[in-house]
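# Analysis of the macromolecular model
Now for the letters of each chain:
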Amino acid sequence: MGTSEWHIERRASFGSESTIAREPGNVPESGSLSIVVLGASGDLAKKKTFPALFHLYRQGFLPPDEVHIFGYARTKISDDELRDRLRGYLVPEKGASAQQLEDLEKFLKLIKYVCGSYDSEDGFRLLDKEISEHEYLKNSVEGLSRRLFYLALPPSVYPSVCKMIKTCCMNKSDLGGWTRVVVEKPFGRDLQSAEELSTEIGKLFEEPQIYRIDHYLGKELVQNLLVLRFANRFFLPLWNRDNIDNVQIVFREDFGTEGRGGYFDQYGIIRDIIQNHLLQVLCLVAMEKPVSLKPEHIRDEKVKVLESVLPIRDDEVVLGQYEGYTDDPTVPDESNTPTFATVILRIHNERWEGKALNSRKAEIRVQFKDVPGDIFKCQKQGRNEFVIRLQPSEAIYMKLTVKQPGLEMSAVQSELDLSYGQRYQGVTIPEAYERLILDTIRGDQQHFVRRDELKASWQIFTPLLHRIDDGDFKPILYKPGSRGPREADQLLEQAGYVQT
Ligand code: NDP
Ligand code: BG6
């Protein structure tokens with residue numbers, strides 16, 4: 001019986017859903033739309049959430065006669081101070097066009113800041129009052145109220161914030177609309193805490209109201225996986241253990257914790273990247289064809305993959321920590337937190353039996369088995385590989401063996417290359433957060449994580465995480481700017497990966 005190995009790697013150096021039943025794609029809704037960014041003073045809000053909202057605004061998805069944006073946090077700042085903080089993140093400091101600058105000022109006028117705590121009703125009552133005033137002023141359809149709450153906050157405050165939203169800020173209109181809550185990752189620290197969090201939030205909101213965001217699901221080439229796999233005849237018979245030797249899902253960053261050391265040390269690389277972003281990618285690479293593109297059909301198939309992952313073996317894990325990580329004043333000197341991990345995952349099902357570096361990239365490498373009875377052995381340079389580069393410079397390419405052009409009959413490895421920058425010149429690839437926020441407004445949960453998916457993904461990593469938390473599994477030190485621990489490359493080799 002053939003086996004296929006899955007290498008997952010992250011390397012770093014340093015109420016009711018709606019009173020109007022609606023399927024995504026139906027007639028677009030109109031009426032007031034309030035988008036509330038909780039944690040508006042934070043890193044994610046300024047770097048990702050507000051810029052995504054600005055891009056949507058510029059493309060006409062957030063019409064100013066319907067939309068108002070509220071920033072909420074404890075930091076005592078005025079509307080203008082929040083706007084000043086955001087300006088530099090929304091347009092390039094140099095070279096912004098006159099049109100961009102004009103749009104920027106119009107967009108910033110849509111933003112109101114409300115200051116309050118995350119666990120007392122005063123702030124949320126004030127927020128509700130502001131939202132209601134906006135709804136009253138902007139309603140093109142009488143009484144329609146759409147309220148989107150984006151929790152750009154540490155997960156520790158999700159329960160109290162959800163409770164406050166439920167108590168003070170729900171859509172109250174009888175005539176239509178909805179209240180939706182977007183929660184960020186990491187959702188929990190392990191299986192038990194994630195389930196407890198799900199249960200607490202589940203008491204307040206129905207599953208269709210909860211959008212567990214994983215921004216990797218909003219990346220262009222991650223979204224392309226379904227199309228590539230299921231709309232191309234030549235992949236269908238090949239995509240299995242008989243033909244594929246191993247799949248590597250690689251994530252590398254050439255920078256360290258960058259001011260997020262306190263957060264990172266609490267979580268580590270497995271909780272920050274692997275349990276969520278990379279496991280979601282794995283699901284899309286390994287799952288069976290869904291019955292349709294309906295969110296539930298796709299998510300059903302993803303859960304099956306997660307539930308088929310065999311327990312992780314200690315000898316198939318290499319953990320690393322870059323030298324100098326503990327120099328960060330927010331990281332304890334004795335920290336055991338991995339900043340690097342290579343983990344082999346084996347999928348047990350009929351299709352499949354069986355992770356201060358030198359670069360920044362995320363890619364999926366599907367490596368095929370050697371050709372049986374190969375007659376070009378002495379000249380052949382490598383195996384067939386199908387590579388999907390998620391970032392930077394999105395590309396899909398296939399490494400294959402061809403005849404070296406010329407008089408000699410020799411084989412050489414080459415690429416069939418679909419580089420997006422060349423093939424789709426002039427096309428702007430939307431940012432992941434842009435796409436996903438638009439999905440939440442449209443009520444499309446296809447690219448969001450369902451509760452059972454979350455549970456199954458924590459199930460895979462919790463035993464390993466507990467052993468790391470208890471100090472039983474120690475990371476190997478590696479030099480910032482290197483490839484990571486040498487042991488990781490050795491592990492990949494043992495697992496069958498051949499450098500091409
Ligand atoms: P921050 O640490 O910047 O926190 C956001 C805001 O939350 C802060 O401005 C602060 O606002 C408030 N806050 C911070 N710590 C606490 C606390 N202990 N108790 C109550 N309030 C607190 O986080 P990020 O913006 O980086 O991340 C927000 C969420 O998004 C997290 O879940 C994170 O994992 C996730 N995420 C972040 C990414 C990023 O690139 N930053 C990427 C992907 C996900 P104030 O004090 O004004 O109330
Ligand atoms: C976030 C992690 O979820 O993803 C960060 O918390 C990481 O540590 C980031 O840097 C990577 O996202 P991207 O889109 O830059 O690959």
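Residues numbered from 1 in each chain as written. Chains lettered and ligands numbered in written order. Predicted model: local features only at pLDDT ≥ 70, side-chain atom pairs only at ≥ 80, totals over all residues. Heavy atoms only, no water.

## Thoughts on the packing of aromatic side chains
Summed over all chains, the structure comprises 17 aromatic pairs. One aromatic cluster is present, formed by Phe 264, Tyr 322, Tyr 325, Phe 340 and Tyr 478 through successive ring pairs. Between the NZ or CZ atom of Lys 219 and the centre of the ring of Tyr 216, over which it lies, the distance is 4.6 Å. (Phe/Tyr/Trp six-rings, centres within 6.5 Å; stacked < 30°, edge-to-face > 60°. Lys NZ or Arg CZ within 6 Å of the ring centre and 35° of its normal.)

## Thoughts on unusual backbone geometry
With an omega of -5°, the peptide bond between Lys 185 and Pro 186 qualifies as cis. Structurally, Pro 186 is set in the loop between strand E6 (177-183) and helix H6 (191-202). In the segment running from Gln 391 into Pro 392, the intervening peptide bond is cis, with an omega of -15°. Relative to the helices and strands, Pro 392 is located in the loop between strand E12 (385-391) and strand E13 (395-403). (Helix = DSSP H or I, 4+ residues; strand = E, 2+ residues; numbered from the N terminus.)

## Points about the confidence of the model for the protein
Scored by pLDDT, the protein has a mean of 89; 90% of the residues are at 70 or more. A low-confidence stretch, residues 10-25 stays under pLDDT 50, and its non-local contacts, those more than four residues away or across chains, total 74 contacts. Across the assembled chains, the prediction reports ipTM 0.97 with pTM 0.92. (pLDDT = per-residue confidence, 0-100. Contact = heavy atoms within 4.5 Å.)

## Focus: the pairing of strand E11 (residues 361-368)
Counting buried positions along E11 yields seven of eight residues, so the element is predominantly enclosed. By the bridge criterion, eight bridges tie strand E8 (residues 244-253) to E11 in an arrangement that is antiparallel. Within E11, the residue paired with Arg 252 across the bridge is Lys 361. Pairing of E11 with E12, which is carried by six bridges, proceeds in the antiparallel orientation. The partner of Ile 364 across the bridge, within E12, is Ile 388. (Buried < 20%, exposed > 50% of the residue type's maximum accessible area, 1.4 Å probe, protein only. Pairing = 2+ DSSP bridges.)

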